[in-house]
Amino acid sequence: MENAVFISGAGQRVGFFLAKQFLELTEYPVIFSYRTHHTEVDELIALGAIGFQCDFSEDKALPNLVSQINHSVKSLRAVIHNASIWLDDKQAPALSESYQNLFKVHVDTPMYLNEALLPLLKRGAGLKEIISISDASVALANDKTLAYLASKAALQNLSKNFAKKYAPAIKVNDIAPGLIIFNEGDSDEYKERRLSQSAMAIEPGEEVVWQAVSYLINSPYTTGISLPLEGGRAIK
């Protein structure tokens, strides 16, 4: 494969949607990682994608993943850091394994992959892109998810600094989503509360993330930003 797009955590939800859009709407091949096997993984593979099962909390996971990617593609068009875990502070108390995993997934993994996949990104002509997906709540305050938001804030900072390091050859940007899609089983009360937090007051769906990704990978003049995708929550 040449000029492929790598997406981490594409086995479900937003990551799956992005991978499918690339496969159906663009000329770019797709490779992806997933932690847990879902039916969406089989669907992406049936469409021509290559998937690697990978748990970023395991010590040798990243070197093995990079080795598999190098054996599968000649060059990369984009790297999208979509893999994420959400834990509140009760689930991830300071110095616990869960706490450390937040930073492994949101900080250590993107930093390692940015450096390890750089040779593949440098091969071939045209625009090259790294995109991280953080969280709009980083700009707010929440005393129940300190560790999670600290790790996502670090991801935003990482993106900005890699943008400086890799310019002008590779653009590096971040997308900071708010509410995108509800989880199955969310109560009506919870949905109403979340919808009331933004000016647009809608559940937009994964399409808006795809629109943001499309803008970033096609813009030759945008790098080093964190693009809010939160329906006007900051002005509510």
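Residues numbered from 1 in each chain as written. Predicted model: local features only at pLDDT ≥ 70, side-chain atom pairs only at ≥ 80, totals over all residues. Heavy atoms only, no water.

Turning next to the overall build of the protein. Along the backbone of the protein there are eight helices and seven strands. A globule of 236 residues ought to have a C-alpha radius of gyration of about 18 Å, and the protein, at 17 Å, matches this closely. Counting only C-alpha atoms and orienting by the principal axes, one finds that the protein spans roughly 50 × 40 × 35 Å. Here the protein holds 236 residues, and the buried ones make up 47% of them. Across the protein, every contact between residues at least 6 apart in sequence was considered, and the portion connecting residues at least 24 apart equals 71%. Summing over all exposed atoms, the protein offers an accessible surface of approximately 11900 Å²; the carbon and sulfur share of this is 52%. Averaged over its 22 positive side-chain charges, the protein has a centre that lies 8 Å from the centre of its 27 negative ones. (Helix = DSSP H or I, 4+ residues; strand = E, 2+ residues; numbered from the N terminus. Rg over C-alpha atoms; globule rule 2.2 N^0.38 Å. Buried < 20%, exposed > 50% of the residue type's maximum accessible area, 1.4 Å probe, protein only. Contact = heavy atoms within 4.5 Å. Areas by Shrake-Rupley, 256 points an atom, 1.4 Å probe, with all protein chains shown as cover. Lys, Arg positive; Asp, Glu negative; His and termini not counted. Charge placed at Lys NZ, Arg CZ, Asp CG, Glu CD.)

On to the packing of helix α3 (residues 61-72) against helix α4 (residues 97-116). Two elements in contact, α3 and α4, have axes whose closest approach is 11 Å; the angle formed by their N-to-C orientations is 35°. The hand of the α3/α4 crossing is right-handed. Within the contact between the two elements, α3 uses L62, P63, L65 and V66 and α4 uses T109, Y112, L113 and A116. Here the contact of α3 with α4 is composed, by residue class, of seven nonpolar, one polar and no charged. (Axes fitted to C-alpha atoms, helices over the stretch in contact; angles between N-to-C directions. Left-handed = near helix turned anticlockwise from the far one by under 90°. Nonpolar A, V, L, I, M, F, W, Y, C, P; charged D, E, K, R; others polar.)

With that out of the way, let us pick up helix α1 (residues 13-25). Between the first and last C-alpha of α1 there are 18 Å, a value that for 13 residues agrees with the 18 Å anticipated at 1.5 Å per step. Burial in α1 covers these residues: V14, G15, F16, L18, A19, Q21 and F22. (Expected span 1.5 Å × (residues − 1).)

Attention now goes to the sheet that holds strand β1 (residues 4-7). One open sheet accounts for seven strands, arranged β3-β2-β1-β4-β5-β6-β7; its pairing is parallel. The sheet terminates laterally at β3 (50-53) and β7 (226-229), the two strands that pair on one side only. Taking the axes of each pair of neighbouring strands and ignoring which way they run, one obtains an average angle of 15° across the sheet. In this sheet, β7 lies alongside strand β6 (residues 171-177) in parallel orientation, the contact comprising four bridges. Pairing of I175 across the sheet is with L227, part of β7. (Pairing = 2+ DSSP bridges.)

It is worth spelling out the pattern of salt bridges at this point. A complete count under the given rule lists five salt bridges for this structure. Close ionic contact of K74 with E2 constitutes a salt bridge, the shortest N to O distance being 3.9 Å. Of this pair, K74 sits in the loop between α3 and β4 (76-81) while E2 sits in the segment before β1, and the two are 72 residues apart along the sequence. Each member of the pair, K74 as well as E2, is classed as exposed. In this structure, the salt-bridge partner of E115 is K165, at a minimum N-O distance of 3.9 Å. One end of the pair, E115, is in helix α4; the other, K165, is in helix α6 (residues 146-166), and 50 residues separate them in sequence. Owing to a relative accessible area of 54%, K165 belongs among the exposed residues under this scheme. (Salt bridge = Lys/Arg side-chain N within 4 Å of Asp/Glu carboxyl O.)

If you look at the biggest cluster of nonpolar residues, it comprises 35 residues, and the most contacted ones within it are F6, L65, I69, L76 and L117. Examining the composition of this core, we find that seven residues originate from one element, α6, more than from any other. Core analysis: the next-biggest nonpolar cluster, separate from the first, contains 29 residues, V5, V41, W210 and L229 among them. (Core = buried A, V, L, I, M, F, W, Y, C linked by side-chain atoms within 4.5 Å.)

Scanning the model with the defined rule gives six aromatic pairs in all. Their ring planes at 40° and their centres at 5.9 Å tell us that F32 and Y34 sit as a pair that is tilted. Exposure remark for F32: the relative accessible area of 0% places this residue in the buried category. Its relative accessible area of 10% is what places Y34 among the buried residues. On the numbers, 6.3 Å between centres and 55° between planes, the contact of W86 with Y148 is tilted. (Phe/Tyr/Trp six-rings, centres within 6.5 Å; stacked < 30°, edge-to-face > 60°.)

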